[in-house]
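# A look at the structure
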Amino acid sequence: MKIPAPLVLILLSAGLLAGCSKQTATPAPASAPAKIKIGFLVKQPEEPWFQFEWKGADAAAKQYGFEVVKLGVTDGEKVMTAIDSLVAGGAQGFVICTPDVRLGPAIAARAKLKGLKLITVDDQFVSADGKFMTEVPYLGMSASKIGAAQGEALYAEMQRRGWPVAETAVCAITFEELDTARERTDASIAALRAAGFPADRIFKAPQKTTDIPGSLDAANILLTQHPDVKRWLVLGMNDNAVLGAIRATEGRGFTAENVIGIGINGTDCIDELRKAKPTGFHGSMLVSAPQEGFQTAEMLYHWIKDGTVPPADTRTSGILITRENFEQVLRKEGIID
Ligand code: FCA
């Protein structure tokens, strides 16, 4: 009997045809140990940062012989569906960078209910009372230290160029609802102030979305409000935050001559740094995304396999990359070939 195509789909999703395919497959010997399977869920799968984390998780899977299911989870509903599909697929745990840190309690409860081990990466879960959920193991960048290094590097580059402070201002692209983002930009601003940059020439531009269009819009509003500023220093929580602002300054005729932008991540600015002509994007604080992906996947694997509970809080550090050294540093980190 020929089954109409839509029905095949319905039957497949209901698992009704599964029996047919099983008949032809060779049954696994009862004694074969089940291969460990983990999920790696990220909030913005289109961002190179997360693709490099996946690459690191894949490397750990290859080294230890486990399986990684990589899923983009752009909202809460997708997270819950992903957890259910991991359970159905026989996974024993997952690593997640959640689309919203306030989903933390719901995600942790679902994981517990389904018997899945859980590690958070980059964006730490927040409980209903606004406190970090330290009971869920977390690995992420040392946000304040890396933010401070960004601010110090901006100030040093401004001084190297001999820019008069009176003609310069800071465009700080912010996303304060996310703790790791706020810690980075707060520390960056604090470092600029500590170095001597006047507080009244540091302007915040809140981004509504954490992508290039979001920061471009935020910077455009700020630039309209300050038409008198001749030189800009640009900071933000990641490369895309700074890139959007750089595009906004270019829209108003600014160039690499009068804009210094420094991002964070180092993974999302590779094409920018490779441009034949320098832009206002001066450099980035590189944090190793492949390493973060590798380490979280590795910790989860050991937790599942041997019961080794991961540390509650692991932090990674960053280094400055610019047009001068990025090829060399990124090659060493395994980010480019
Ligand atoms: C957050 C940001 C990412 C990356 C990560 C370490 O999740 O959205 O771009 O900086 O922290």
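Residues numbered from 1 in each chain as written. Predicted model: local features only at pLDDT ≥ 70, side-chain atom pairs only at ≥ 80, totals over all residues. Heavy atoms only, no water.

Near the ligand the following residues occur: K43, E47, W49, F50, C97, D122, D123, M141, R184, M237, N238 and N265. Interatomic distance of 2.6 Å between a side-chain N/O atom of E47 and an oxygen atom of the ligand. Isolated, the ligand exposes 290 Å² of accessible area, and the fraction of that covered by the protein chains is 100%. Across the shell around the ligand, the residue classes tally to five nonpolar, two polar and five charged. A domain split of the shell around the ligand shows at least three residues from each of domain 1 (37-136 + 289-315) and domain 2 (143-286). (Near = heavy atom within 4 Å. Polar contact = N/O pair within 3.5 Å; in protein donor to acceptor, adjacent residues only side chain to side chain. Areas by Shrake-Rupley, 256 points an atom, 1.4 Å probe, with all protein chains shown as cover. Nonpolar A, V, L, I, M, F, W, Y, C, P; charged D, E, K, R; others polar. Domains from an automatic or database assignment.)

Under the defined criterion, the tally for this structure stands at three aromatic pairs. Plain terms: the ring middles of F66 and Y301 are 4.9 Å apart, the flat faces sit at 20° to each other, and that makes the pair stacked. One end of the pair, F66, is in the loop between α3 (48-64) and β2 (67-72); the other, Y301, is in helix α11 (residues 289-306), with 235 residues separating them in the sequence. Cluster of aromatic residues (ring-pair linked, three or more members): Y64, F66 and Y301. (Phe/Tyr/Trp six-rings, centres within 6.5 Å; stacked < 30°, edge-to-face > 60°. Helix = DSSP H or I, 4+ residues; strand = E, 2+ residues; numbered from the N terminus.)

Turning to its location among the elements, P310 is positioned in the loop between α11 and β11 (313-316). The class of P310 is buried, set by a relative accessible area of 8%. In this structure the C-alpha to C-alpha distance between P310 and E176, which are 134 residues apart in sequence, comes to 28 Å. Sequence-distant contacts of P310, that is, excluding residues within four places in its chain, are made with I119, P137, M299 and W303. (Buried < 20%, exposed > 50% of the residue type's maximum accessible area, 1.4 Å probe, protein only. Contact = heavy atoms within 4.5 Å.)

What follows is about the UniProt feature "domain: Periplasmic binding protein/LacI sugar binding" (unreviewed entry) in the protein. In the numbering used here, UniProt assigns the feature "domain: Periplasmic binding protein/LacI sugar binding" (unreviewed entry) to residues 37-326. Taken end to end, residues 37-326 has its terminal C-alpha atoms 35 Å apart, with 44% of it in helix and 22% in strand. (UniProt positions renumbered as here; feature names shortened; annotations may be inferred.)

Turning our attention to the state of the cysteines. Tallied over the full model, the rule gives zero disulfides. Looking at C97, it has no disulfide partner, and the nearest cysteine sulfur is the one in C269, 18 Å off. For C97, a relative accessible area of 0% puts it in the buried group. Not engaged in a disulfide, the cysteine C269 finds its nearest cysteine sulfur in C171; these two sulfurs lie 17 Å apart. Judged by relative accessible area, C269 falls into the buried class, the value being 0%. (Disulfide = S-S within 2.5 Å.)

Attention now goes to α11. With 18 residues, α11 should cover 26 Å at 1.5 Å per step; its first-to-last C-alpha distance of 25 Å lies within 8% of that length. Here α11 has its buried residues at A289, P290, E292, G293, F294, T296, A297, E298, M299, L300, Y301 and W303. Next to the buried residues of α11 lie β1 (37-42), α3, β3 (93-97), β4 (117-121), β5 (138-141) and β11. The distance from a side-chain oxygen at the start of α11 to the backbone nitrogen of Q291 is 3.3 Å, and the residue carrying that oxygen is S288. Looking one or two residues past α11, G307 carries a phi angle of roughly 80°, positive in sign. (Expected span 1.5 Å × (residues − 1).)

Nonpolar side chains in soluble globular proteins tend to be buried together. Ranked by internal contacts, the top residues of the largest apolar core, which has 61 residues, are F40, F66, C171, I173, W232, V234 and L330. In this structure, this core is formed jointly by two domains, domain 1 (37-136 + 289-315) and domain 2 (143-286), each of which donates at least three residues. Setting aside its immediate chain neighbours within four residues, V234 contacts L154, C171, V242, A245, I246, V259, I260, G261 and I262. L41, I83, I107 and V136 belong to the second largest nonpolar core, which has 18 residues in total. (Core = buried A, V, L, I, M, F, W, Y, C linked by side-chain atoms within 4.5 Å.)

With that settled, the discussion passes to the side chain of T279. Looking at the element boundaries, T279 is found in the loop between α10 (270-274) and β10 (281-286). In terms of polar contacts, T279 uses its side chain to reach the side chain of E272, at 2.6 Å. Polar side-chain contacts of T279 include one of 3.0 Å to the backbone nitrogen of F281. The residues contacting T279, other than those within four sequence positions of it, are I246, R247, E250, A256 and E272.

Before going further, it helps to examine the sheet that holds β10. The six strands lie next to each other as β7-β6-β8-β9-β10-β12, forming an open sheet whose pairing is mixed. In the strand order of this sheet, the two ends are held by β7 (202-206) and β12 (319-322), each with one partner. Direction aside, the axes of adjacent strands within the sheet are offset by 20° on average. Of the strand pairs in this sheet, strand β9 (residues 259-265) and β10 are connected by five bridges, and their pairing is parallel. Among the inter-strand pairings, I262 is bridged to a residue of β10, identified as G283. Contacts from helix α8 (residues 212-225) reach β6 (168-174), β7 and β8 (231-235) within the one sheet, and its direction differs from that of β7 by about 140°. (Pairing = 2+ DSSP bridges. Axes fitted to C-alpha atoms, helices over the stretch in contact; angles between N-to-C directions.)

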